[in-house]
Amino acid sequence: MSKRRLLVPYKSVLFHSRAQRGSYENSRMNVGKSGYRVFSANSTAACTELSKKITERLGVELGKAVVYQEPNRETRVEINESVRGQDIFIIQTIPRDVNTAIMELLVMAYALKTSCAKNIIGVIPYFPYSKQCKMRKRGSIVCKLLASMLAKAGLTHIITMDLHQKEIQGFFSFPVDNLRASPFLLQYIQEEVPDYRNAIIVAKSPSAAKRAQSYAERLRLGLAVMHGEAQCSESDMADGRHSPPSVRNTTGHPGLELPLGKHRAPFPGIELPRMMAKEKPPITVVGDVGGRIAIIVDDIVDDVEDFVAAAEILKERGAYKIYIMATHGLLSGDAPRLIEESAIDEVVVTNTVPHEVQKLQCPKIKTVDVSMILAEAIRRIHNGESMAYLFRNITVDD
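Per an unreviewed UniProt entry, the protein chain is named Phosphoribosyl pyrophosphate synthase-associated protein 1-like isoform X1, and its organism is Huso huso. Quoted verbatim from the Sequence similarities (unreviewed entry) heading of the UniProt record, the comment on the protein chain is "Belongs to the ribose-phosphate pyrophosphokinase family."

Draft legend 1. Fine view of the nonpolar core. Grouped together as the largest cluster of nonpolar side chains are 47 residues, with contacts concentrated most on Ile-159, Leu-179, Ile-201, Ile-295, Met-325 and Leu-374. Looking at this core element by element, the count peaks at six residues for helix α10 (residues 371–383). Excluding residues that lie within four positions of it along the chain, Ile-295 makes contacts with Ile-189, Ala-199, Ile-200, Ile-201, Val-202, Tyr-323 and Met-325. Formed by 31 residues, the second largest nonpolar core is a distinct cluster that contains Leu-112, Ala-117, Phe-172 and Val-176.

Draft legend 2. Structural detail: the sheet that holds strand β12 (residues 284–286). Sheet architecture is open: seven strands sit in the order β12-β11-β10-β13-β14-β15-β16, paired in mixed fashion. What marks the edges here is a single partner per strand, and that holds for β12 and β16 (365–368). Each strand axis lies, on average, 30° off the axis of its neighbour in the sheet, ignoring direction. Packing of helix α5 (residues 182–192) onto the sheet brings it into contact with β13 (293–301), β14 (321–329), β15 (346–350) and β16, and relative to β14 it is tilted by some 155°.

Draft legend 3. Quick look at the side chain of His-328. With respect to the element layout, His-328 can be found in strand β14. Since its relative accessible area comes to 1%, His-328 is described here as buried. In this structure the side chain of His-328 is engaged in a polar contact, spanning 3.0 Å, whose partner is the backbone oxygen of Met-161. If we skip the residues at most four places from it in the chain, His-328 touches Pro-125, Tyr-126, Met-161, Asp-162, Asp-299, Ile-300, Val-301, Val-349, Thr-352 and Val-353.

Analysis parameters
- Residues numbered from 1 in each chain as written.
- Predicted model: local features only at pLDDT ≥ 70, side-chain atom pairs only at ≥ 80, totals over all residues.
- Heavy atoms only, no water.
- UniProt positions renumbered as here; feature names shortened; annotations may be inferred.
- Core = buried A, V, L, I, M, F, W, Y, C linked by side-chain atoms within 4.5 Å.
- Buried < 20%, exposed > 50% of the residue type's maximum accessible area, 1.4 Å probe, protein only.
- Helix = DSSP H or I, 4+ residues; strand = E, 2+ residues; numbered from the N terminus.
- Contact = heavy atoms within 4.5 Å.
- Pairing = 2+ DSSP bridges.
- Axes fitted to C-alpha atoms, helices over the stretch in contact; angles between N-to-C directions.
- Polar contact = N/O pair within 3.5 Å; in protein donor to acceptor, adjacent residues only side chain to side chain.

Right, dumping it as structure tokens:
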């Protein structure tokens, strides 16, 4: 009589032996341990919209956590579910209260670290303090400080979008995926800008020329560059353009003019060349924008005075429509009013930063959703897949 193989049922699955059943149970346990959760670190409802869109695309629910401010303004975070051995993604959009948002992210990351999360990945579409990434006079590189704080709090990876300077990635001791919003903005230009073939891409300053060139090449359009300034801009704050300082009367060597008496020339006979103060000419446009649609591209739209001044110059040069394209729409202060009263026809930004209030104040502000690429980045990182697909057709200068 031949032996029959015993089928061991387990939750509607049939196994040929108890060993196979044990192997199945172990694999299920491993799947659970390597699962992932998505949390939102924001305490305000307006800032959780992007988190909800991302989780909807992923087909998961937001993790159960409570983030709130104590009456004394201390940040408190409570994690209400087990995260042991899992990949945790913290989505943190940055509202106007930047410092509170940073503390929420740090406290939640540390809470997850002490709850034995396997990996803690921060999804920070707009990285705060990214403009403070260079040493200015006796200041500090605050962006480097923030990178160290995030690592100390327990983050092991960051997903962000269009860093103000790509070199910021070097501040971190863990991987940083710097995604690009340009494919979404390019698609908006092609689909929503009438007669975009008659447009010209404009760089608001020579430092933005590489980004503008990348847009122009992919759209097969011309390029114009604006040079000069109306007032002092961010790139020239405390950069020594008014150096050397005023010269005091000294009794030292006549060829050496230094302002402080105790720092006079230590050796007689040394002559320093006279230094000329830096000056920038008034705003000029290199390129023909007459009878064209001018599209100014940048990474951040915050204080819009420079954009308003640029739009006026472009109008004087014959541009009949002016668009502003940027990734991060901070739109601080009176930006909505200034945009509404200016020659700018439309400001297009992504939803990396919540700006619903500004849109109500100014109908010229339009939003492009980038939750798709953020959700795909989360899925690929969790599954250990390559991120190269998300950077296809992206140039080095983008």
